[in-house]
Amino acid sequence: AWVKSAVDLTNVASFGGTPTRGAGEIKTGQVVTPTQAQEKPVLGWEAEEGSYYTVILTDPDAPSRAEPKLREYVHWARVNILGENLPCDGQDGGDDLKEYVGAGPPSNTGDHRYFF
């Protein structure tokens, strides 16, 4: 699986190389700033044609790692993503159960982890 942050799909060169904004291709464990995570990412994975997929993005550290009272805060929930319509970019024919909410951890709460 792969994640690209806020890639400009009108510029095909940005999809295969360096994106025009955001964090670029994100690897597991990479630190991404809240500013880089304000726009919905573009996701891709090996998909089976005719299959439907669901993407859920959560923050287990909300509002802080020390007091995660809102553990597994849902930042995005997208369903009905048809395998042949990847990448998942908000234009893939899927449906948002919850619109994308960019990162915005409170001050002085340390790094937050985000999981797909």
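Turning our attention to the packing of aromatic side chains. Under the definition given, this model contains 2 aromatic pairs. Centroid distance Trp 45 to Tyr 53: 5.6 Å. Interplanar angle 65°. Geometry classified as edge-to-face. Overall, the relative accessible area of 21% leaves Trp 45 in the partly exposed class. A ring pair is formed by Trp 76 and Tyr 100, whose centres lie 5.8 Å apart and whose planes are at 90°; its orientation type is edge-to-face. Here Trp 76 is found in strand β5 (residues 73-82), whereas its partner Tyr 100 is found in the segment after β6 (95-98), with 24 residues between them in sequence. Of the two residues, Trp 76 and Tyr 100, both sit in the buried class.

Here we take up the sheet that holds strand β4 (residues 52-59). Across the sheet, which stays open at both edges, the 3 strands sit in the order β4-β5-β6 with antiparallel pairing between neighbours. What marks the edges here is a single partner per strand, and that holds for β4 and β6. Neighbour-to-neighbour, the strand axes of the sheet open up by a mean angle of 15°, direction not taken into account. Looking at chain direction, β4 and β5 are connected through 7 bridges and run antiparallel. Pairing of Tyr 53 across the sheet is with Ile 81, part of β5.

About the thresholds
- Residues numbered from 1 in each chain as written.
- Predicted model: local features only at pLDDT ≥ 70, side-chain atom pairs only at ≥ 80, totals over all residues.
- Heavy atoms only, no water.
- Phe/Tyr/Trp six-rings, centres within 6.5 Å; stacked < 30°, edge-to-face > 60°.
- Buried < 20%, exposed > 50% of the residue type's maximum accessible area, 1.4 Å probe, protein only.
- Helix = DSSP H or I, 4+ residues; strand = E, 2+ residues; numbered from the N terminus.
- Pairing = 2+ DSSP bridges.
- Axes fitted to C-alpha atoms, helices over the stretch in contact; angles between N-to-C directions.

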